[in-house]
Structures are given as C-alpha cells and as structure tokens.
Amino acid sequence: MLRLAVLVSGGGTNLQALIDSIRQNKLPGVSIEVVISNKPEAYALERAKQAGISTELILKKNYESSQAFGEALLSLLYKYNVDLVVLAGCLFMLPEQVIQSYKNWIINIHPSLIPAFCGTGFYGLKVHEAVLARGVKVTGATVHFVDEQYDNGPIILQKPVMVYDDDTPKTLQKRVMEEAEWIILPEAVRLISENRVHIRDSRVYIDRI
Ligand code: GRF
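Here's a quick rundown of the structure. (Residues numbered from 1 in each chain as written. Predicted model: local features only at pLDDT ≥ 70, side-chain atom pairs only at ≥ 80, totals over all residues. Heavy atoms only, no water.)

1. Here we look at the side chain of Thr142
Line of reasoning, step 1. By the element assignment, Thr142 lies in strand β6 (residues 138-145).
Line of reasoning, step 2. Classification of Thr142 as buried rests on a relative accessible area of 0%.
Line of reasoning, step 3. Of note is the side chain of Thr142, whose polar atom sits 2.7 Å from the backbone oxygen of Ser112.
Line of reasoning, step 4. Within the structure, the side chain of Thr142 is placed 2.9 Å from the side chain of Gln158, a separation counted as a polar contact.
Line of reasoning, step 5. Excluding residues that lie within four positions of it along the chain, Thr142 makes contacts with Asn108, Ile109, His110, Ser112, Leu113, Ile114, Ile155, Leu157, Gln158 and Ile184. (Helix = DSSP H or I, 4+ residues; strand = E, 2+ residues; numbered from the N terminus. Buried < 20%, exposed > 50% of the residue type's maximum accessible area, 1.4 Å probe, protein only. Polar contact = N/O pair within 3.5 Å; in protein donor to acceptor, adjacent residues only side chain to side chain. Contact = heavy atoms within 4.5 Å.)

Okay, structure coming up:
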C-alpha cells in the first residue's frame, strides 16, 4: 500500500484527478490518507470531505518558527503513516526538515515544461501569462521530485500542450490542466506505487514494462 498525503492551497482539481483515478481502480494499492491545506477556504478541502478523506489545516502563522511549523507538519505526516507527499497546488514552501525526512518521497505538479517558466513567482495564472507574453508555441506540465529549491528536483514526467493564438491565461491554464496535469500526476503516482521510478545522478529513470 502506498499511503498519500496531498497538500493543497486552492481548488483541488489535481486532487480530484487522484481521487477519480483511485475510484476508477487505476491506482491499485494507493490510498489518500489525508489532505492538508494551509487555507481554510480551499475548495480542495470540500472535495476531500466529499470523498470521505480526512482533512487537516495547518497555518504557518500559528507557529513561532519555521522549525516549529516543520515539526507540526511532520507529526501530521507521521500520524497518518504517510509514504508519499503530493504537492497539488500547494502554495507554501515546505520546511527543510520535512524535505529531508521525506527525501525523494515528495512530488510536485507544475504547470509548465520545467526549466521554462518555473521558480520563484511562477505559480497559478502567472505561469500562463508569462508563457503567452514570451510567445512560446508549446507549453505543458511537469511532475518532479521536490528538493530545497522551487521547481528544481529530478523530473519524473512531462507532457506538452499547444499554445493557440487566441489563448488567454485562463484558456491556456484550463487546457494545460485537462491535457497534461490531470493525466501525468496520477500517472507519476502509479509509477511510484509500482516501484518503477529510480533516481540516479539527479535524473529519473523509469522501468518500462
Ligand atoms: C495547478 O496548475 C498546479 O500545476 C499548480 O497549482 C495549480 C493547482 O490547481 N501547482 P488545483 O488546485 O489542483 O486545481
């Protein structure tokens, strides 16, 4: 069994993609044990509740240091016996001790083809605005392991998406989600659950069947 914690801050459509994949038996041996949010109003929490998944709220401002916040988050992950942490629209930086304790067991979904349009300040619609401003013709999404820097760890999966002349940031965001994010996030979880993802020299290798 691969036990997930999904960390969220917003709408939770990527969380929904995981919930749906589990319901459709596309992720045998995978369970979402808890959804953790730093925003009480995140609709992702509602999605979790509707699916009967435990939810937890963790607010950084309630802790006096990043260290204390990290310890609280880690004890939540231990409480639910979490194996893999999935950042699905999680807009807070994970404290160092969480990243170290779950080294190579934290993944993130980012709505561009890393290393383009990523790093500090590239989140939400800002990514797609930058894509349109630069005029690239292809964008996409990336699932990668998380290390201490934003959008920096080894890349697991990527999927390209066409940019159209009449795209707005919103239409592009929607297409990137539908054609890439909601497909490659569950796919990455499946590959990890099947023990087919290996890291060597900061690169990911996937066992093909
Ligand atoms: C997605 O675009 C994801 O790639 C990024 O944040 C957004 C979250 O959307 N990290 P949702 O909350 O899953 O709908």
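2. Brief notes about the packing of helix α1 (residues 13-23) against helix α6 (residues 169-193)
Line of reasoning, step 1. Between α1 and α6, whose axes approach to 9 Å, the crossing angle comes to 55°. Taken together, the axes of α1 and α6 are oblique relative to one another. Remark: the crossing between α1 and α6 carries right-handed chirality. Only Met177, Glu181, Trp182, Leu185, Pro186 and Val189 of α6 make contact with α1, whose side of the interface consists of Thr13, Asn14, Ala17, Leu18 and Ser21.
Line of reasoning, step 2. The residue inventory of the contact of α1 with α6, partitioned by class, reads 7 nonpolar, 3 polar and 1 charged. (Axes fitted to C-alpha atoms, helices over the stretch in contact; angles between N-to-C directions. Parallel < 35°, antiparallel > 145°, perpendicular 65-115°, else oblique. Left-handed = near helix turned anticlockwise from the far one by under 90°. Nonpolar A, V, L, I, M, F, W, Y, C, P; charged D, E, K, R; others polar.)

3. Examining unusual backbone geometry
Line of reasoning, step 1. Look at the link from Ile114 to Pro115: it is a cis peptide, with omega at 15°.
Line of reasoning, step 2. With respect to the helices and strands, the residue Pro115 is situated in the loop between β5 (106-110) and α5 (125-134).
Line of reasoning, step 3. Its identity is not glycine, yet Asn81 carries a phi of approximately 50°, on the positive side.
Line of reasoning, step 4. Along the polypeptide, Asn81 turns up in the loop between α3 (66-79) and β4 (84-87).
Line of reasoning, step 5. You will see that Asp151, though not glycine, has its phi angle at about 55°, which is positive.
Line of reasoning, step 6. Within the secondary structure, Asp151 sits in the loop between β6 and β7 (155-162).

4. Looking at the pairing of β6
Line of reasoning, step 1. Within β6, 7 of the 8 residues are buried, which leaves it mostly tucked inside the rest of the structure.
Line of reasoning, step 2. When β5 meets β6, the two strands line up antiparallel, connected through 4 bridges. Residue pairing in the sheet places Asn108 in a bridge with His144 of β6. (Pairing = 2+ DSSP bridges.)

5. Notes on the pattern of salt bridges
Side chains that differ in sign of charge can pair as their charged atoms come close.
Line of reasoning, step 1. Scanning the entire structure with this criterion turns up 7 salt bridges.
Line of reasoning, step 2. Between Lys79 and Glu56 there is a salt bridge, with the nearest N and O atoms lying 2.9 Å from each other. Separated by 23 residues along the polypeptide, Lys79 in helix α3 and Glu56 in strand β3 (residues 54-57) bring together distant segments of the chain.
Line of reasoning, step 3. Under the relative-accessibility criterion, Lys79 is labelled exposed at 54%. (Salt bridge = Lys/Arg side-chain N within 4 Å of Asp/Glu carboxyl O.)

6. Points about the state of the cysteines
In protein structure, a disulfide is the covalent linkage between the sulfur atoms of two cysteines.
Line of reasoning, step 1. Scanning the model with the defined rule gives 0 disulfides in all.
Line of reasoning, step 2. Its sulfur unpaired, Cys118 is 17 Å from the next cysteine sulfur, which belongs to Cys90. (Disulfide = S-S within 2.5 Å.)

7. Overview of the packing of aromatic side chains
Line of reasoning, step 1. In this structure the tally under the stated criterion is 4 aromatic pairs.
Line of reasoning, step 2. Note on Phe69 and Phe92: the rings are 5.8 Å apart at their centroids and 70° apart in plane angle, and the pair reads as edge-to-face. Separated by 23 residues along the polypeptide, Phe69 in helix α3 and Phe92 in the loop between β4 and α4 (96-101) bring together distant segments of the chain. Of the two residues examined, Phe69 and Phe92, each falls in the buried class.
Line of reasoning, step 3. Of note, Arg200 hangs over the ring of Tyr205, and the distance from its end group to the ring centre comes to 4.2 Å. (Phe/Tyr/Trp six-rings, centres within 6.5 Å; stacked < 30°, edge-to-face > 60°. Lys NZ or Arg CZ within 6 Å of the ring centre and 35° of its normal.)

Keep in mind these numbers describe shape, not what the thing actually does.
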